[in-house]
Amino acid sequence: MSTPQTNAKMAPVLFPIAVLLIAMLSLQGGASLAKSLFPTVGAPGITALRLGLGTLILCVIFKPWRLRFTRAQRKPLLMYGLALGCMNYLFYLSIRTVPLGVAVGLEFLGPLTLALAGARRPLDFLWVLLAVTGLWFLLPIGDGISHIDPLGALLAVGAGACWAVYILAGQRAGAEHGPATVAMGSLIASVIFVPLGLTFAAPGIWHWEILPLALIIALLSSAIPYSLEMMALTRLPARIFGTLMSLEPAMAALSGMLFLGELLTLKQWIALLAIIAASAGSTLTMKQKSAKISEVDINNPQ
């Protein structure tokens, strides 16, 4: 039976956990809404609207024109912005033909591979084995094991590779300015990928009624989750934060099921659970000296 003292101790932990779960639901809800507009706007068009409007929101919040970057930070900042834009573009292209949960699971392999790159202990290789098992069942290997579009799967994996570059470059570019670096990186990404997305967008993008929906997507995918994640990050230990973020593929699968009617097979669910277990396990068992997670490590600006 819980006591008032126990409830008082649990409240500071439960609040940031609830906030983080809401942030993940917001992010994946935004992705579901974006996918529902593909027939009208096209995946490149949604990328342009999401990235362009999201950048405007981030610039209002963080005012990146006030930041000053050293010569050593400029190259990582450029790489960071390019990786951010490419990640968005490839991700939206992938979910044209791949269920949302599967795409996020495949994309998640990027940062997971980065986290396991220095695997040395036997337990580390257990997480590698789980991740490889999940990848085997998600990718269309052999006789159409998962009935997943090969090109869509490769695009999702490519988005994951960009996510890994985003983390590495973001650590160097954002060492001084923290989360405000996201606004500058998004601005760099917009310069390239907004015109590219508009060029290959479907004609429906020029209809004014699309703009309110695009603004909702930008809010759900950028302003709301970024703000909530920062709130949770300051109140949770890094390991707990990283472990909870491992639930992202499952959240995406549930969002796809609820809002898009995307039903996964049993093998696909097992594959997603294997990837989630590998990510959570690697976070919980990482060495203490490498357990610190910076702001740019955990944000996934899809």
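All of the points below concern the structure found in this document. Because the structure is predicted, anything quoted here is derived from the model rather than measured.

## As for the overall build of the protein chain
Line of reasoning, step 1. Secondary structure assignment for the protein chain yields 13 helices and zero strands.
Line of reasoning, step 2. Order of helices (α) and strands (β) in the protein chain, N terminus to C terminus: α-α-α-α-α-α-α-α-α-α-α-α-α.
Line of reasoning, step 3. Partitioning the contacts of the protein chain with sequence separation of at least 6, the portion at a separation of at least 24 is 88%.
Line of reasoning, step 4. If you sum the accessible surface of the protein chain, you get close to 13900 Å²; carbon and sulfur atoms cover 73% of it.

## Points about helix H11 (residues 248-260)
Line of reasoning, step 1. With 13 residues, H11 should reach 18 Å at 1.5 Å per residue; the first-to-last C-alpha distance of 17 Å fits that figure.
Line of reasoning, step 2. Inspection of H11 places Glu-248, Pro-249, Ala-250, Met-251, Ala-252, Ala-253, Ser-255 and Gly-256 among the buried residues, and these make up the whole buried set.

## A few points about helix H12 (residues 266-284)
Residues three or four positions apart in an α-helix share a direction because the helix packs 3.6 residues into each turn.
Line of reasoning, step 1. Helix length check: H12, at 19 residues, gives a terminal C-alpha distance of 27 Å against a target of 27 Å (1.5 Å per residue), a fit within 8%.
Line of reasoning, step 2. Residues Gln-268, Ala-271, Leu-272, Ala-274, Ile-275, Ile-276, Ala-278, Ser-279, Ala-280, Gly-281, Ser-282 and Thr-283 constitute the buried set of H12.

## Some points on the pattern of salt bridges
Line of reasoning, step 1. A complete count under the given rule lists one salt bridge for this structure.
Line of reasoning, step 2. One salt bridge in this structure joins Lys-35 and Glu-262, with 2.4 Å as the shortest N-O distance. Of the two residues, Lys-35 sits in helix H1 (residues 4-36) while Glu-262 sits in the loop between H11 and H12, which places them 227 residues apart along the sequence.

## Concerning the packing of aromatic side chains
Line of reasoning, step 1. If you walk through the whole model with that rule in mind, you get five aromatic pairs.
Line of reasoning, step 2. Here Phe-38 and Tyr-92 contribute two aromatic rings whose centre-to-centre distance is 6.3 Å and whose plane-to-plane angle is 80°, an arrangement assigned as edge-to-face. Residue Phe-38 is found in helix H2 (residues 38-41), and its partner Tyr-92 is found in helix H4 (residues 71-94); the two are separated by 54 residues along the sequence. Here Phe-38 and Tyr-92 have matching classes, each one buried.
Line of reasoning, step 3. Ring pairing ties together the aromatic residues Phe-38, Phe-91 and Tyr-92, which thus form one cluster.

## Focus: the packing of helix H3 (residues 43-62) against H4
In a packed pair of helices, the relevant descriptors are the angle between the two axes and the axis-to-axis distance.
Line of reasoning, step 1. Two numbers describe how H3 lies on H4: the axes approach to 9 Å, and their chain directions differ by 140°. Relative to H4, H3 is oriented oblique. In terms of crossing hand, the pair formed by H3 and H4 is right-handed. Every residue of H4 that contacts H3 at Ala-43, Pro-44, Ile-46, Thr-47, Arg-50 and Leu-51 is listed here: Gly-85, Asn-88, Tyr-89, Tyr-92 and Leu-93.

## A word on the nonpolar core
Line of reasoning, step 1. Membership of the largest hydrophobic core comes to 74 residues, with the highest contact counts inside it found for Ile-46, Phe-91, Tyr-92, Leu-106 and Tyr-166.
Line of reasoning, step 2. For Ile-46, the residues in contact, after removing those within four places along its chain, are Ala-34, Leu-37, Phe-38, Val-41, Tyr-92 and Ile-217.
Line of reasoning, step 3. The next biggest cluster of nonpolar side chains, apart from the first, holds twelve residues, and it includes Ala-23, Ala-232, Leu-236 and Met-245.

## Observations regarding unusual backbone geometry
Line of reasoning, step 1. Positive phi values are uncommon outside glycine, yet Lys-63 reaches one of about 50°.
Line of reasoning, step 2. Position of Lys-63 among the secondary structure elements: in the loop between H3 and H4.

## What about a nonpolar patch on the surface?
Line of reasoning, step 1. Taken together, the side chains of Leu-78, Met-79, Leu-82, Val-165, Val-191 and Ile-192 define a hydrophobic patch exposed on the protein surface, amounting to about 470 Å² of accessible area.
Line of reasoning, step 2. Breaking the nonpolar patch down by element, the ones donating at least two residues are H4 and helix H8 (180-199).
Line of reasoning, step 3. Considering each element in turn, the nonpolar patch owes the most residues, three residues, to H4.
Line of reasoning, step 4. Within the element layout of this structure, Val-165 appears in helix H7 (residues 150-173).
Line of reasoning, step 5. The class of Val-165 is partly exposed, set by a relative accessible area of 34%.

## Considering the packing of H4 against H8
Line of reasoning, step 1. At a minimum axis distance of 8 Å, the contact between H4 and H8 shows a crossing angle of 55°. Considered as vectors, H4 and H8 are oriented oblique to each other. The way H4 lies across H8 gives a crossing that is right-handed. Residues Leu-77, Leu-78, Tyr-80, Gly-81, Leu-82, Leu-84, Gly-85, Cys-86 and Tyr-89 of H4 pack against Thr-181, Val-182, Met-184, Gly-185, Ser-186, Ile-188, Ala-189, Ile-192, Phe-193, Leu-196 and Gly-197 of H8.
Line of reasoning, step 2. Taken together, the residues of the contact of H4 with H8 break down into 14 nonpolar, six polar and no charged.

## Details of the environment of Ala-202
Line of reasoning, step 1. Relative to the assigned elements, Ala-202 resides in the loop between H8 and helix H9 (210-233).
Line of reasoning, step 2. Separated by 162 residues in the primary sequence, Ala-202 and Thr-40 have C-alpha atoms spaced 6.5 Å apart.
Line of reasoning, step 3. In this structure, Ala-202 is in contact with Thr-40, Val-41 and Gly-42, ignoring residues within four places of it in sequence.

Rules used in this analysis
- Residues numbered from 1 in each chain as written.
- Predicted model: local features only at pLDDT ≥ 70, side-chain atom pairs only at ≥ 80, totals over all residues.
- Heavy atoms only, no water.
- Helix = DSSP H or I, 4+ residues; strand = E, 2+ residues; numbered from the N terminus.
- Contact = heavy atoms within 4.5 Å.
- Areas by Shrake-Rupley, 256 points an atom, 1.4 Å probe, with all protein chains shown as cover.
- Expected span 1.5 Å × (residues − 1).
- Buried < 20%, exposed > 50% of the residue type's maximum accessible area, 1.4 Å probe, protein only.
- Salt bridge = Lys/Arg side-chain N within 4 Å of Asp/Glu carboxyl O.
- Phe/Tyr/Trp six-rings, centres within 6.5 Å; stacked < 30°, edge-to-face > 60°.
- Axes fitted to C-alpha atoms, helices over the stretch in contact; angles between N-to-C directions.
- Parallel < 35°, antiparallel > 145°, perpendicular 65-115°, else oblique.
- Left-handed = near helix turned anticlockwise from the far one by under 90°.
- Core = buried A, V, L, I, M, F, W, Y, C linked by side-chain atoms within 4.5 Å.
- Patch = residues over 30% accessible without salt bridge, like charges linked within 9 Å, V, L, I, M, F, W, Y side chains within 5 Å.
- Nonpolar A, V, L, I, M, F, W, Y, C, P; charged D, E, K, R; others polar.

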